[in-house]
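One letter stands for each residue in the lines below.
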Amino acid sequence: MLPTLKPNDFVVCFGWKGKRYKVGDVVVVTHPEFKTIIKRIAQIHPTQGLLLAGDNAFSTAPERMGWIAPKQIIGKVVFTA
């Protein structure tokens, strides 16, 4: 997530049922292959779920991560330090 987040940055996230996420939100997600990751929501499709992307050219491609279900979101990042 460089340049938004750097190694050893701390994040605070909040998650709650019924939360509506939007394109551009940075979220913490449980991913079946990559485990717990922090990515930005790139696309939202009600029938497919959410497509995630990183903030730099070296991030894992959204196509490789695939579509995720909203229930996989742990929370939205609200503070970084």
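Everything below is about the structure shown above.
Here we summarise the structure given alongside this text. Because the structure is a prediction, the values reported are computed rather than measured. (Residues numbered from 1 in each chain as written. Predicted model: local features only at pLDDT ≥ 70, side-chain atom pairs only at ≥ 80, totals over all residues. Heavy atoms only, no water.)

Focus on a nonpolar patch on the surface
Thinking step 1. Residues Val 12, Phe 14, Trp 16, Val 78 and Phe 79 make up a contiguous nonpolar surface patch of about 500 Å² in total accessible area.
Thinking step 2. Among the elements of the structure, strand 1 (11-14) and strand 6 (73-80) are those that each provide at least two residues to the nonpolar patch.
Thinking step 3. Here Trp 16 shows up in the loop between strand 1 and strand 2 (26-31). (Patch = residues over 30% accessible without salt bridge, like charges linked within 9 Å, V, L, I, M, F, W, Y side chains within 5 Å. Areas by Shrake-Rupley, 256 points an atom, 1.4 Å probe, with all protein chains shown as cover. Salt bridge = Lys/Arg side-chain N within 4 Å of Asp/Glu carboxyl O. Helix = DSSP H or I, 4+ residues; strand = E, 2+ residues; numbered from the N terminus.)

Some words on the nonpolar core
Within soluble globular proteins, side chains that are nonpolar tend to cluster in buried spots.
Thinking step 1. Among the nonpolar cores identified, the biggest contains 10 residues, and these are Tyr 21, Val 27, Val 29, Ile 37, Ile 41, Leu 50, Leu 52, Met 65, Ile 68 and Ile 73.
Thinking step 2. When residues of this core are traced back to their parent elements, those giving at least two are strand 2, strand 3 (35-45) and strand 4 (49-53).
Thinking step 3. In this structure, Ile 41 is in contact with Tyr 21, Lys 22, Val 23, Gly 24, Asp 25, Val 27, Leu 50, Leu 51 and Leu 52, ignoring residues within four places of it in sequence.
Thinking step 4. Counting five residues, the second largest nonpolar core, distinct from the first, contains Met 1, Leu 5, Val 26 and Val 28. (Core = buried A, V, L, I, M, F, W, Y, C linked by side-chain atoms within 4.5 Å. Buried < 20%, exposed > 50% of the residue type's maximum accessible area, 1.4 Å probe, protein only. Contact = heavy atoms within 4.5 Å.)

Some details on the side chain of His 31
Thinking step 1. With respect to the secondary-structure elements, His 31 resides in strand 2.
Thinking step 2. Its relative accessible area of 5% is what places His 31 among the buried residues.
Thinking step 3. Side-chain polar atoms of His 31 contact the backbone nitrogen of Phe 34, separated by 3.2 Å.
Thinking step 4. Every residue in contact with His 31, bar those within four places of it in the chain, is listed here: Ile 37, Met 65, Ile 68 and Gln 72. (Polar contact = N/O pair within 3.5 Å; in protein donor to acceptor, adjacent residues only side chain to side chain.)

Considering the environment of Gly 15
Thinking step 1. Relative to the assigned elements, Gly 15 resides in the loop between strand 1 and strand 2.
Thinking step 2. Given the relative accessible area of 43%, Gly 15 is considered partly exposed.
Thinking step 3. With 52 residues separating them along the chain, Gly 15 and Trp 67 place their C-alpha atoms 19 Å apart.

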